[in-house]
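# Residue-level structural notes
The lines below spell out each chain.
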Amino acid sequence: MNKLILALTLVFLVLVQSDEKIQKALELGRDASNKLVDSVKSVLFQELGKGGYVGAIKACSNIAQDIIKTYQEKHGFYIRRISEKYRNKLDKPDDYELKILRKLDELNKKGELPQEYYEVVEENGVRYLRYFKPLIVQPMCLNCHGSDEFLKKEIKEFLKEKYPDDKAVGYQAGDFRGAVSIKIKLSEDLLKN
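Now for a description of the structure that goes with this document. What you are looking at is a predicted structure, and each value in this text was computed from that prediction instead of being measured. (Residues numbered from 1 in each chain as written. Predicted model: local features only at pLDDT ≥ 70, side-chain atom pairs only at ≥ 80, totals over all residues. Heavy atoms only, no water.)

## A look at the environment of Glu-20
Along the polypeptide, Glu-20 turns up in helix 1 (residues 2–75). For the pair Glu-20 and Leu-186, spaced 166 residues apart in sequence, the C-alpha separation works out to 9.6 Å. (Helix = DSSP H or I, 4+ residues; strand = E, 2+ residues; numbered from the N terminus.)

Okay, here's the thing in structure tokens:
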């Protein structure tokens, strides 16, 4: 009987600790994704004030990836922006991310898009939290991501030169644009921080 109680106690402790890891990873994912989105928005608004949409799109193409790299280094986990209709090839989703993007797009079309989406997955015997913060096209985004007739000549010229394979146009306000994708290893180290 004592062995059974001990075994059940150990299973309970493993489940509780696993849940604590997931909660800690969720907190980290939420915080990092919110800060990343806010940082990119801040740069865009600063550049809009200086040079309008042409200045903003130039800054975005140069600075956004630097901001993402800074966040990857700061947090020590996988974090980036992804989109099925990417502009920068660095934002191209992997197969898993593409599956999630399509799922989130369908939820958005149904009016059921959550503010966040996550799953616990196992890869090569290691458990990870996969966290996604959906990004929705806002009216101001249309100046650089809208339909062809909406884009100014200078924006079109910049995009054609900088991103000849650009897929990130043709959006309408409210469309699902992509997501911040985060992957956090559910390790013992999570509970130490």
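More follows now that the structure is in view.
## Quick look at helix 2 (residues 95–109)
Here helix 2 contains 15 residues, and its C-alpha end-to-end distance of 21 Å stays within 8% of the 21 Å for a straight helix at 1.5 Å per residue. When we look at burial in helix 2, the residues that qualify are Tyr-96, Glu-97, Ile-100, Leu-101, Leu-104 and Leu-107. Down the axis of helix 2, the buried set is contained in an arc of 130 degrees. They therefore lie on one face. Turned more than 90 degrees off the buried face of helix 2, the exposed positions are Asp-95 and Lys-109. The inward-facing, buried residues of helix 2 abut strand 1 (78–82), strand 2 (117–123), strand 3 (126–136) and strand 4 (176–185). Two or three places before Tyr-96, at the start of helix 2, stands the capping residue Asp-94, its side-chain oxygen 3.1 Å from that residue's backbone nitrogen. Once helix 2 finishes, Gly-111 follows within two positions and takes phi at roughly 75 degrees, a positive value. (Expected span 1.5 Å × (residues − 1). Buried < 20%, exposed > 50% of the residue type's maximum accessible area, 1.4 Å probe, protein only. Arc of directions from axis to C-beta. Contact = heavy atoms within 4.5 Å. Polar contact = N/O pair within 3.5 Å; in protein donor to acceptor, adjacent residues only side chain to side chain.)

## Some details on the layout of surface pockets
Approximately 970 Å³ is the volume attributed to the largest pocket. Lining of the largest pocket is provided by 36 residues; of these, Val-40, Leu-44, Arg-81, Cys-141 and His-145 occupy positions nearest its centre. Sorting the residues of the lining of the largest pocket by element identifies helix 1, strand 1, strand 3, helix 3 (142–145) and strand 4 as the ones contributing at least two each. Looking at the lining of the largest pocket residue by residue, the classes come out as 22 nonpolar, 8 polar and 6 charged. (1 Å grid on protein atoms, 1.4 Å probe; cavity = no way out; pocket = protein on both sides within 12 Å on 5 of 7 lines; lining within 4 Å. Points joined across faces, edges and corners; volume = space filled by probe spheres on them. Nonpolar A, V, L, I, M, F, W, Y, C, P; charged D, E, K, R; others polar.)

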